[in-house]
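Examining the three-dimensional arrangement
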Amino acid sequence: MNYKIGLMGCGVIASYGHLPAIMDTDGLTIHALYDPNEQNLRREAHRFSVPHAYSDLESFFNSGLDAVAICSPAPAHIQNVIDCAAHGLPVLCEKPLAMDEVEGQQMIEVMEDANLLLAVGFCYRFSPCALKIKELINQDAIGEVRTMRLIYNWDCHGKYYRPDPLNQPDFWVEDPRRRGRMDEGGPMVDCGTHQIDLARWWTNSNITRFQSHASWVDEYEAPDHVWCHMDHDNGAHTMVEMSYSFGHTTKDRISHFIYEVIGTRGMIRYDRNFSHFELRNEHGTYQLEYHGEKNFHGMYAAFRQSLKTGELGELCSAPDALEVTRIARHATDEVIADRHALEVR
Ligand SMILES: NC(=O)c1ccc[n+]([C@@H]2O[C@H](COP(=O)([O-])OP(=O)(O)OC[C@H]3O[C@@H](n4cnc5c(N)ncnc54)[C@H](O)[C@@H]3O)[C@@H](O)[C@H]2O)c1
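Now for a description of the structure that goes with this document. Keep in mind that what you see is a predicted model, and the values were worked out from it rather than measured.

Moving on: the sheet that holds strand β4 (residues 67-70). Taken in spatial order, the seven strands of this open sheet run β3-β2-β1-β4-β5-β6-β17, and their pairing is mixed. Both outer strands of the open sheet, β3 (52-54) and β17 (316-317), are each paired with one neighbouring strand and no more. Here strand β2 (residues 28-34) runs beside β3; their pairing, made up of three bridges, is parallel. In the sheet register, L33 faces β3, and the bridge partner there is A53.

This paragraph deals with the site of the ligand. Neighbouring the ligand are 25 residues, the closest being I13, D35, N40, K95 and K294. At 2.6 Å from an oxygen atom of the ligand is found a side-chain nitrogen or oxygen belonging to D35. Here N40 contributes a side-chain N or O atom positioned 2.7 Å from an oxygen atom of the ligand. For the ligand, whose free accessible area comes to 840 Å², the fraction covered by protein is 84%.

If you check which residues of helix α4 (residues 74-86) are buried, you get A74, H77, I78, N80, V81, D83, C84 and A85. The elements touched by buried residues of α4 are β1 (3-8), α3 (57-61), β4, β5 (91-94), α5 (101-113) and β6 (118-121). Count one or two residues on from α4 and you reach G88, which has phi positive near 70°.

What follows concerns the environment of G11. When you line up the elements, G11 lands in the loop between β1 and α1 (12-24). Through-space distance from the C-alpha of G11 to that of N40 is 6.6 Å; in sequence the pair is 29 residues apart. Beyond its immediate sequence surroundings of up to four residues, G11 is in contact with D35 and R43.

Below, the discussion takes up the nonpolar core. L7 and W202 are the most contacted members of the largest nonpolar core, which totals 109 residues. A total of nine residues in this core trace back to one element, the largest contributor, which is helix α10 (residues 318-344). Looking at which domains feed residues into this core, each of domain 1 (3-123) and domain 2 (125-297 + 326-344) gives three or more. Once you skip the residues sitting within four places of it in the chain, L7 turns out to touch A14, H18, L19, I22, I30, A32, L33, Y34, F60, A69 and C71.

By secondary structure assignment, the location of P75 is in helix α4. Separated by 109 residues in the primary sequence, P75 and E184 have C-alpha atoms spaced 7.5 Å apart. Setting aside chain neighbours within four positions, we find P75 in contact with M99 and E184.

Okay, the pattern of salt bridges next. What the rule picks out here adds up to 26 salt bridges. For R146, the salt bridge is made with E144, and the minimal N-O distance between the two is 2.6 Å. R146 gets classed as partly exposed once you look at its relative accessible area, which sits at 39%. Using a relative accessible area of 48% as the deciding quantity, one classes E144 as partly exposed. Across the pair R269 and E260 runs a salt bridge, and its minimum N-O distance is 3.9 Å.

Among the structural elements, R125 can be located in the loop between β6 and α6 (128-138). Of the polar contacts made by the side chain of R125, one reaches the side chain of D197; its length is 2.8 Å. Those residues in contact with R125, other than ones at most four positions away along the chain, are A130, L131, D197, L198, W201, E314, L315 and C316.

Attention now moves to the packing of α6 against helix α8 (residues 192-203). Where α6 contacts α8, the axes come no closer than 9 Å and their chain directions differ by 35°. Viewed along their axes, α6 and α8 form a crossing whose handedness is right-handed. Seen from α6, the contacting residues are A130, L131, I133, K134 and I137; seen from α8, they are L198, W201 and W202. Class assignment for the residues of the contact of α6 with α8 results in seven nonpolar, no polar and one charged.

This paragraph deals with the packing of aromatic side chains. The full count for this structure, using the stated rule, is 14 aromatic pairs. A centroid spacing of 5.1 Å and a plane angle of 70° characterise the contact between F60 and F61, whose relative ring orientation is edge-to-face. When sorted by exposure, F60 lands in the same class as F61, which is buried. For the pair Y152 and W154, a centre-to-centre distance of 5.5 Å together with 0° between the ring planes defines the contact as stacked. A residue is classified by how much of its surface remains accessible, and Y152, at 7% relative accessible area, is buried. By relative accessible area, W154 is classed as buried at 13%. Here a set of aromatic residues connected by ring pairs shows up, and it is made of Y124, Y152, W154, W202, Y244, F257, Y259, Y270, F277 and Y290. Across from the ring centre of W201, 4.9 Å away, lies the NZ or CZ of K134, which sits over that ring.

Turning to the pairing of strand β14 (residues 266-271), a few remarks are in order. Pairing analysis gives five bridges linking strand β13 (residues 256-263) to β14, with the strands arranged antiparallel. Bridge pairing in β14 places V261 opposite I268. Counting the residues in the hairpin turn of β13 and β14 gives two residues. Here β14 pairs with strand β15 (residues 276-281) via six bridges, running antiparallel. Its bridge partner lying in β15, R269 is registered against E278. Connecting β14 to the antiparallel partner β15 that follows it, the hairpin turn spans four residues, and S275 within it adopts a positive phi of roughly 45°.

Criteria and thresholds
Residues numbered from 1 in each chain as written. Predicted model: local features only at pLDDT ≥ 70, side-chain atom pairs only at ≥ 80, totals over all residues. Heavy atoms only, no water. Pairing = 2+ DSSP bridges. Helix = DSSP H or I, 4+ residues; strand = E, 2+ residues; numbered from the N terminus. Near = heavy atom within 4 Å. Polar contact = N/O pair within 3.5 Å; in protein donor to acceptor, adjacent residues only side chain to side chain. Areas by Shrake-Rupley, 256 points an atom, 1.4 Å probe, with all protein chains shown as cover. Buried < 20%, exposed > 50% of the residue type's maximum accessible area, 1.4 Å probe, protein only. Contact = heavy atoms within 4.5 Å. Core = buried A, V, L, I, M, F, W, Y, C linked by side-chain atoms within 4.5 Å. Domains from an automatic or database assignment. Salt bridge = Lys/Arg side-chain N within 4 Å of Asp/Glu carboxyl O. Axes fitted to C-alpha atoms, helices over the stretch in contact; angles between N-to-C directions. Left-handed = near helix turned anticlockwise from the far one by under 90°. Nonpolar A, V, L, I, M, F, W, Y, C, P; charged D, E, K, R; others polar. Phe/Tyr/Trp six-rings, centres within 6.5 Å; stacked < 30°, edge-to-face > 60°. Lys NZ or Arg CZ within 6 Å of the ring centre and 35° of its normal.

Geometry only, nothing functional implied.
Structure (structure tokens):
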């Protein structure tokens, strides 16, 4: 069967991740787009030759869809999911699932009540390197996992950009994408959810306790540099470090993206800056094939399969994504509350 996919939210991630992957996946067709922003809607409809493009919801839902990909900003996910449930459509929703646990729980209930599949788009899971890490852990290549260091420090597109570099090279404005992500909760709530998800998924374990620390390089309500320490129920410990202010005003861009998985008999290291991926254990050091950290094509191959079988496979379930949202949101809220408490003293 060929599934007709509707996509809601024609922004950055739809353009470089979801739409190319849907178009390249056997058994999926991109049928219709929805976006309240006409400019974004028309741009992506034209770029990907999508036959139907709507800025009104009813026309989108009445266009003959089999499933929906939600690529809107996180605050819009809940209403998008409620609307999909009302129209009987299964969903692949971008991360983070929701803004908080209350919203996430409501989304799960509405989809369960309608007996519909709700998968969450943690595309890092489908990178061949993330899958390899899971396989190596399962094969006991490094013994029992005890420590993970998952680090992503970057500038979140940078604080400023030039809207018209040719005509006004000295005119800079604040980048709304970075502000949007900071207003939604900052780096742990946004990208950090990928790392929290990987830590749980790789080790097939739950987080029993977590504590966060943070600093404010820039002045938003949410911290822009956050560390979250998590204890797993299998005795492992994960440190997730996330920054959105790593050179956010510097002329030259820089980022760190690292996975270190340390076990009782060896370790796995992944470093995006050096395209480096290796396993070290008592037998030696093995250079592994490097791939980027995201894989939308793999995610859509899995979504196609789940539409057929009703099974999620390696796609992230909504309850797992809800737990990730809970941890990331609390880790962020607790440092904000600490900061306010210090200010009133
Ligand atoms: N998986 C990843 O690696 C990854 C990377 C970046 C962003 N994301 C996630 O993807 C989502 C979108 O991020 P983005 O960077 O593409 O944002 P964006 O701001 O570039 O695009 C969002 C689009 O959604 C539209 N929109 C606004 N309200 C809407 C609504 N109610 N219904 C439908 N569309 C609506 C906007 O007009 C815009 O076109 C977020 O949840 C973000 O966290 C994931």
